[in-house]
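# Chains, contacts and geometry: an overview
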Amino acid sequence: MEFFWAFVIGGAICVVGQLMMDIFKLTPAHVTTSFVVIGALLDAFGIYDNLIKFAGAGATVPITSFGHSLLHGAMASADEHGFIGIAIGIFELTSAGISSAILFGFLVAVIFEPKG
Amino acid sequence: MATKEEQQAYAKKIKPIQPKPPYVLNCVKAFLVGGLICLIGQAIQKFYMTYFNFSEETAGNPTVATLILIAALLTGLGVYDKIGQFAGAGSVVPVTGFSNAVTSAALEHKSEGLVLGVATNLFKLAGAVIVFGAVAAYIFGMIRYIFQHVI
């Protein structure tokens with residue numbers, strides 16, 4: 001069942017992105033940046049956690065979860081260190097994503113040759 | 001240079017003769033491919049939870065890292081671009097699209113060298129996501145902090 005909801009919710013989020021691209025003629029970069037901001041906004045109201053509980057990877061794999069993780073790390077650290085904790089914790093949860101994107105992106109660019 | 005009014009008038013004039021995108025078909029494609037990527041993510045998450053003792057909350061990180069690795073390799077092999085042409089937003093919105101943006105920007109500038117080409121352009125496309133995400137998280141974080149602790 002968790003696989004079913006991951007598929008449906010993840011697919012549905014992508015459909016929203018596709019509609020933004022087709023109807024409002026947004027570039028993929030504009031769609032992804034909007035989604036990150038929306039993800040952070042949903043986490044500010046505590047909605048995104050419920051979505052993750054419900055859909056699992058259907059909510060953690062789309063880029064909206066990046067915004068959610070940024071704010072989540074910031075708030076967890078703010079509880080501990082006060083106001084300055086926002087700055088300390090902001091990249092805490094997304095560290096795995098960003099560092100692996102840097103590492104794998106760099107290695108692939110070194111090993112592979114550009115196509116086309 | 002055309003003035004703003006002229007540009008708007010031109011955009012209005014060409015609108016009826018521009019081809020309409022096949023909305024429904026594009027959405028179905030995005031749904032299937034995007035859903036499939038999330039389904040694979042769910043399977044990877046399950047794998048990490050079963051064999052590496054990650055909890056449901058912590059399993060998200062290695063899952064995202066694994067998907068980023070897969071997408072980077074597929075980009076290097078030239079496969080991800082083909083998926084992207086078919087899937088549209090279905091391959092852009094998942095975190096694999098972020099990885100694709102990083103890797104393809106780095107690959108594209110490989111001829112300019114490792115430092116000025118690959119490393120400098122690594123975040124050329126994906127940087128916007130990090131900038132807007134961090135700024136939004138800062139603003140929302142401060143607002144929420146003020147609501148929670150001050151008021």
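Just so it is clear, the model here is predicted, and its values are computed rather than measured.

### What to know about the pattern of salt bridges
All told, the structure shown has two salt bridges over all chains when counted by the stated rule. With a closest N to O distance of 2.9 Å, Glu113(A) and Lys110(B) form a salt bridge. With one member in each of two chains, Glu113(A) in the segment after α7 (95-111) and Lys110(B) in the loop between α6 (95-108) and α7 (114-121) form a pair that bridges those chains.

### Focus on a nonpolar patch on the surface
A surface patch of nonpolar side chains, about 1200 Å² in accessible area, is lined by Phe83(A), Val131(B), Phe132(B), Val135(B), Tyr138(B), Ile139(B), Met142(B), Ile143(B), Ile146(B), Phe147(B), Val150(B) and Ile151(B). Mapped onto the elements, Val131(B) comes out in helix α8 (residues 127-150).

### Re the interface of chain B and chain A
Taken together, the 64 residues of chain B in the interface contact 67 residues of chain A. Summing the contributions of chain B and of chain A, the shared interface buries around 5700 Å²; its carbon and sulfur component is 79%. Taken together, the connections running from chain B to chain A amount to two salt bridges. Summed over the shared surface of chain B and chain A, the number is 13 residue pairs in polar contact (both at pLDDT 80 or more).

### Describing the UniProt feature "transmembrane region" (unreviewed entry) in chain B
Residues and elements named next belong to chain B. As annotated in UniProt, the feature "transmembrane region" (unreviewed entry) corresponds to residues 23-44, 64-80, 87-107 and 127-147 in the numbering used here. The span residues 23-44 carries 100% helix and 0% strand; its end-to-end C-alpha distance comes to 31 Å. End C-alpha to end C-alpha, residues 64-80 measures 17 Å, and it is 88% helix and 0% strand.

### What to know about the state of the cysteines
Applying the stated criterion to the full structure yields zero disulfides over all chains. Between Cys27(B), a free cysteine, and Cys14(A), which holds the nearest cysteine sulfur, the sulfur-to-sulfur gap is 11 Å.

### Things to note about the layout of surface pockets
Space inside the largest pocket adds up to approximately 650 Å³. Contributing to the lining of the largest pocket are 28 residues, with Ile52(A), Thr60(A), His68(A), Ser69(A) and Glu57(B) lying nearest its centre. Within the residue set of the lining of the largest pocket, elements represented by two or more residues are α3 (47-55), α4 (57-60), α5 (64-81) and α7 of chain A together with α3 (60-76) and α6 of chain B. Sorting elements by how many residues they give to the lining of the largest pocket places α5(A) first, with five residues. Computed from the structure, the second largest pocket encloses a volume of approximately 390 Å³. Pro28(A), Val92(B), Gly97(B), Asn100(B) and Ala101(B) are, among the 19 residues lining the second largest pocket, the residues nearest its centre. If you list the elements that add at least two residues to the lining of the second largest pocket, you get α2 (28-44) of chain A together with α4 (79-87), α5 (89-92) and α6 of chain B. The element contributing the most residues to the lining of the second largest pocket is α6(B), with five residues. In terms of residue class, the lining of the second largest pocket is built from 11 nonpolar, seven polar and one charged.

Conventions and cut-offs
Here, residues in each chain are numbered from 1, in the same order as that chain's written sequence. Chain letters start at A and ligand numbers start at 1, both assigned in the order the entries are written. The predicted origin of the model limits local features to residues at a pLDDT of at least 70 and limits the giving and counting of side-chain atom pairs to 80 or more, whereas totals for whole chains, interfaces and linings rest on all residues. Think of the side-chain values as coming from all heavy atoms in the structure, minus any hydrogens and water. Take a side-chain nitrogen of Lys or Arg and a carboxyl oxygen of Asp or Glu: if they are within 4 Å of each other, that pair is a salt bridge. Labels follow the DSSP assignment, with helices taken as runs of H or I lasting at least four residues and strands as runs of E lasting at least two, numbered in each case from the N terminus. Exposure above 30% relative accessible area and the absence of a salt bridge qualify a residue for a patch, where like charges join within 9 Å and nonpolar side chains (Val, Leu, Ile, Met, Phe, Trp, Tyr) within 5 Å. Accessibility throughout is a Shrake-Rupley quantity obtained with a 1.4 Å probe, and a residue counts as covered only by protein chains that appear here. In this analysis, two residues are considered to be in contact whenever any of their non-hydrogen atoms come within 4.5 Å of each other. Accessible area, probed at 1.4 Å, shrinks when two parts are joined; the buried area is that loss added up over both. Whenever a nitrogen or oxygen atom comes within 3.5 Å of another N or O atom, the pair is scored as a polar contact, on the condition that within protein one atom can donate a hydrogen and the other can accept it, and that pairs from neighbouring residues in sequence are kept only if both atoms are in side chains. UniProt positions are given in the numbering used here, feature names are shortened, and annotations may be inferred rather than shown by experiment. Count a disulfide wherever a pair of cysteine sulfur atoms falls within 2.5 Å. Cavities and pockets are found on a 1 Å grid laid over the protein atoms alone: a cavity is a set of points where a 1.4 Å probe fits but cannot escape, a pocket is an open set with protein on both sides within 12 Å along at least five of seven lines, and a lining residue has an atom within 4 Å of such a point. Grid points are joined across faces, edges and corners, and a volume is the space filled by probe spheres set on the points. Each residue receives one of three labels: charged for Asp, Glu, Lys and Arg, nonpolar for Ala, Val, Leu, Ile, Met, Phe, Trp, Tyr, Cys and Pro, and polar for the others, Gly being one of them.

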